[in-house]
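One-letter residues, chain by chain:
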Amino acid sequence: MSRIVGIDLGTTNSLVAYMEDGFPKVIPDAEGHVLLPSVVAFTADGVLVGDAAKRQLVRNPTQTIYSVKRFMGKGYADVKEELRYFPFRVLSSEEVVRIKVGKREVTPPEVSALILKALKERAEAQLGEPVARAVITVPAYFNDSQRQATKDAGRIAGLDVLRIVNEPTAASLAYGLHRLTSGIVAVYDLGGGTFDISILKVKDGIFEVLATNGNTHLGGDDFDRALVDWLLADIRARHGVDLARDLEAMQELRLGAEAAKCRLSFEERTVLTIPFSQHGFTYRREICRADVEALIEPLVAQTLGPCRLALADAGLSAEQIDEVVLVGGSTRVPLVRRRVEELFGKPPHSQLNPDEVVALGAAVQAHILAGGITNMLLLDVTPLSLGIETLGGVMSVLIPRNTTIPTSAKELFTTSVDGQTVVDMHVLQGERELAKDNRSLARFELRGIDPMPAGMPRIEVTFLIDANGILQVQAKELRTGKAASIEVKPSYGLTDAEVERMIEESFAHAEEDVASRLLIETRNEADTVIRATERALGQGKELISEEEVGGIKEALAALTAVRDGSDRDAIREATDRLNQATLRLAEVLMDSALKAALTSKRVTEALEQKSR
């Protein structure tokens, strides 16, 4: 049987991990990077994923998609208020969100599938075998629509998603391998786009989730936005320029703000310098940690309310929590750590890399499913209440939030009108009393009921949640035996036909996609060699003969001429020729650098001798 991998499909970065010798390990790419930026760029040359796509954010902002996790399982109405922050175009739609890239439209599960496919290829290269099965993590507070969208993304990427696991629960599994203690653990998970808090009871290898809460629209992205808005106001005041409508400038500012925020997690102050040559000025601003903390304080405060609610749902006080675990890159922010420590009254743990811990836990869960670990058990919960709409537009809850899954529930209902032969079943998810205030998951009809007076039919409604937190609903009239059921396809989900079409397209274009990626990588290598050659000529052309300089310039011109073409072999050959032509120059520059270093050393030794 093929190996099962664990995948953390993140808002900012994604990772894949597997078990080796009883311990989970994150799989790096060919350059040794374990984080794959969750960015996808649609270019004239093909589709880019990860670091290569991230480099397109400034030069190709309208065709480069990032933070797609925030759109998973959502409708246009859910996301329209924040679209001003994204340079790519999101189309108005009553169904699943659709993003316009060039002449085509893509859905969030399709974009996520490209990220998953890149992780799948990375795992196959490391393991030397096909990878077809995976455990994928999601925020604990993801609703049914968002979980289904994640499963769809896995299917489109060619993965059999064996289990959807809540991210904080996965993190607790990763920590469980290192510290097999008993007690109550709070997992505070603040990533790029989502926040979760989970309270778990750990005992004898059993991880039982007692309560969970959170916000699927709060994370490090929001910290970046607060800083960008502050910088935009400063630029308007100092330079009289409004950059908000310049998509390229906004991406430069967003990337600069993100980098400054990260540096300020470890330094007290930093300087942000961004040349906006198209506007005729260079923006330079010193930013201190206190500036950023003042901006993000309200956002950090928004994470504390769900923590208190989760404690209340678990029937615990903060003092009864034995350990607090930090997960997610945004927990590196010192203000976050201080507020968490103040709330729980103890310093939080962060021994494991907060970026990697969820993927490591997913690998542990994958190993449990494969039968490799038999002394650990994961008992997760459903994050939101599930029920149906009843008379008067009220939501009748069948499965309350924080119920351990898998689970099922049954309840009897009846009709409200004499002679009623059809009953409309409206499945809902949420915590509000009225149906209109909760998320509509699905509608289906129970037909063929014998005409009876109101109140006579006995309709048994059964809800069944599987281990992934995905719901099946059945309605049955007990007197006649008439039944209807539905595996809930959320309001904002893809149809089976759409998913199948996307899978077929991915197979049909697989060869073309690989060829496009290889061409792009060859061009990138050529660009690196061209830049290095130009720099080397500037430093040492006087150290070699004019004939050698002429040969290098000729090879440089030849590579520059073919670099933009589509003949990968021609670019590769021209790159190799330029590398050969510069060998002598590289040797001369190395000799020159060594001589300079030796001379400097002798001078230093002579001065030291003289001073003695």
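Cut-off values and rules
Residues numbered from 1 in each chain as written. Predicted model: local features only at pLDDT ≥ 70, side-chain atom pairs only at ≥ 80, totals over all residues. Heavy atoms only, no water. Helix = DSSP H or I, 4+ residues; strand = E, 2+ residues; numbered from the N terminus. Buried < 20%, exposed > 50% of the residue type's maximum accessible area, 1.4 Å probe, protein only. Contact = heavy atoms within 4.5 Å. Lys, Arg positive; Asp, Glu negative; His and termini not counted. Charge placed at Lys NZ, Arg CZ, Asp CG, Glu CD. Pairing = 2+ DSSP bridges. Axes fitted to C-alpha atoms, helices over the stretch in contact; angles between N-to-C directions. Phe/Tyr/Trp six-rings, centres within 6.5 Å; stacked < 30°, edge-to-face > 60°. Lys NZ or Arg CZ within 6 Å of the ring centre and 35° of its normal. Domains from an automatic or database assignment. Buried area = accessible area lost by both parts, 1.4 Å probe. Salt bridge = Lys/Arg side-chain N within 4 Å of Asp/Glu carboxyl O. Disulfide = S-S within 2.5 Å. Patch = residues over 30% accessible without salt bridge, like charges linked within 9 Å, V, L, I, M, F, W, Y side chains within 5 Å. Areas by Shrake-Rupley, 256 points an atom, 1.4 Å probe, with all protein chains shown as cover. Expected span 1.5 Å × (residues − 1). Left-handed = near helix turned anticlockwise from the far one by under 90°. Nonpolar A, V, L, I, M, F, W, Y, C, P; charged D, E, K, R; others polar.

A count of helices and strands for the chain gives 16 helices and 28 strands. Considering only C-alpha atoms, the chain reaches an extent of 105 × 60 × 60 Å along its principal axes. Counting every position in the chain, which comprises 612 residues, the buried fraction comes to 51%. Considering only intrachain contacts with a sequence separation of at least 6, the fraction spanning at least 24 residues in the chain is 66%. Side chains of the chain carry 72 positive and 89 negative charges; the gap between the two charge centres is 3 Å.

Moving on: the sheet that holds strand 21 (residues 394-399). Two strands in a sheet stick together by hydrogen bonds in their backbones, pointing the same way (parallel) or opposite ways (antiparallel). Across the sheet, four strands lie side by side as 21-20-24-25; this open sheet has antiparallel pairing. Two strands bound the open sheet, and with one partner strand each, they are strand 21 and strand 25 (439-446). Averaged over all adjacent pairs, the angle separating strand axes in this sheet is 30 degrees, with direction ignored. Across seven bridges, the pairing between strand 24 (residues 423-429) and strand 25 is antiparallel. The partner of Q429 across the bridge, within strand 25, is R439.

Read across the sheet, three strands follow the order 6-5-7 without closing on themselves; strand pairing throughout is antiparallel. Edge positions in the sheet fall to strand 6 (46-49) and strand 7 (64-66), since each has one partner strand and no second. Averaged over all pairs of adjacent strands, the angle between strand axes in this sheet comes to 15 degrees, irrespective of strand direction. As defined by bridge partners, strand 5 (residues 39-43) adjoins strand 7 across three bridges and the pair is classed as antiparallel. Counterpart to V39 in the pairing with strand 7 is Y66.

Okay, the packing of aromatic side chains next. For the coordinates displayed, the defined rule picks out seven aromatic pairs. With 5.8 Å between their ring centres and 80 degrees between their planes, Y66 and F88 make a pair best called edge-to-face. Placement of the pair is Y66 in strand 7 and F88 in the loop between helix 3 (76-79) and strand 8 (89-91), with a sequence separation of 22 residues. Judged by relative accessible area, which is 6%, Y66 ranks as buried. One aromatic cluster in this structure is built from Y66, F71, F86 and F88. Positioned above the aromatic ring of Y66 is the side chain of R254, whose terminal nitrogen or guanidinium carbon lies 3.9 Å from the ring centre.

With that settled, the discussion passes to the pairing of strand 14 (residues 195-203). Of all the nine residues making up strand 14, seven are buried; the element is thus mostly covered by neighbouring parts of the structure. Alignment of strand 13 (residues 183-190) against strand 14, held across eight bridges, turns out to be antiparallel. For D189, the partnering residue across the bridge sits in strand 14 and is D196. Two successive antiparallel strands, strand 13 and strand 14, enclose a turn made up of four residues. In the sheet, strand 14 pairs with strand 15 (residues 206-215) via nine bridges, with the strands oriented antiparallel. Considered in strand 15, the bridge of D196 is made with G214. Where strand 14 folds back on strand 15, the antiparallel hairpin that results is connected by two residues, among which D204 adopts a positive phi of roughly 50 degrees.

You can see G345 is positioned in the loop between helix 10 (334-344) and helix 11 (357-369). For the pair G345 and V324, spaced 21 residues apart in sequence, the C-alpha to C-alpha distance is 9.7 Å.

So, about the domain arrangement of the chain. What the domain assignment lists for the chain is domain 1 (4-178), domain 2 (220-298), domain 3 (384-496) and domain 4 (513-596). Across the domain 1/domain 4 interface, buried area totals approximately 490 Å², and carbon plus sulfur atoms make up 47% of it. It is D45, L48 and E121 that lose the most area in domain 1 upon contact with domain 4, and together they represent 69% of the buried surface on that side. Scanning the region where domain 1 abuts domain 4 turns up zero salt bridges.

All chains considered together, the criterion is met by zero disulfides. We note that C262 lacks a disulfide partner, and the nearest cysteine sulfur, in C288, lies 17 Å from it.

What follows is about a negative patch on the surface. On the surface, D567, D569, E573 and D576 cluster together to form a negatively charged patch. The residue D576 is located in helix 15 (residues 568-581) in this model. Residue classification places D576 among the partly exposed residues on the basis of a relative accessible area of 38%.

Moving on to helix 7 (residues 220-239). In a regular helix each residue adds 1.5 Å, so 20 residues correspond to 28 Å; helix 7 covers 28 Å between its end C-alpha atoms and thus fits that length. Count one or two residues on from helix 7 and you reach G240, which has phi positive near 65 degrees.

A word on the packing of helix 9 (residues 289-314) against helix 10. Across the interface, helix 9 lies against helix 10 with an axial gap of 9 Å and an inter-helix angle of 35 degrees. Seen from above, helix 9 lies across helix 10 with right-handed handedness. For the pair formed by helix 9 and helix 10, the contact residues are R289, E293, I296, E297, V300, L304, C307, R308 and L311 on the first element and P334, L335, V336, R338, R339, L343 and F344 on the second. Residue composition of the contact of helix 9 with helix 10, grouped by class: ten nonpolar, no polar and six charged.

Right, let's talk about the environment of T582 for a bit. Note on placement: T582 falls in the loop between helix 15 and helix 16 (583-611). Of the residues examined, T582 reaches a relative accessible area of 13% and is grouped as buried. Taking the C-alpha atoms as reference points, T582 and L556, 26 residues apart in sequence, are found 9.7 Å from one another. Excluding its chain neighbours within four sequence positions, the residues that come into contact with T582 are T533 and I552.

A separate point is the pattern of salt bridges. Overall, the coordinates contain 28 salt bridges when judged by the stated rule. Between R70 and E82 there is a salt bridge whose closest N-O contact spans 3.8 Å. Note that R70 is positioned in the loop between strand 7 and helix 3 and E82 in the loop between helix 3 and strand 8, a separation of twelve residues in sequence. On the accessibility criterion, R70 (2% relative accessible area) is buried. Put simply, R401 and D313 hold a salt bridge, and the shortest N to O gap is 2.9 Å. Here the residue R401 occupies a position in the loop between strand 21 and strand 22 (404-405), and D313 occupies one in helix 9, the gap between them amounting to 88 residues. The class of R401 is partly exposed, set by a relative accessible area of 28%. Among the charged side chains, a network of salt bridges with common partners joins R70, E82, D221, D222 and R225.

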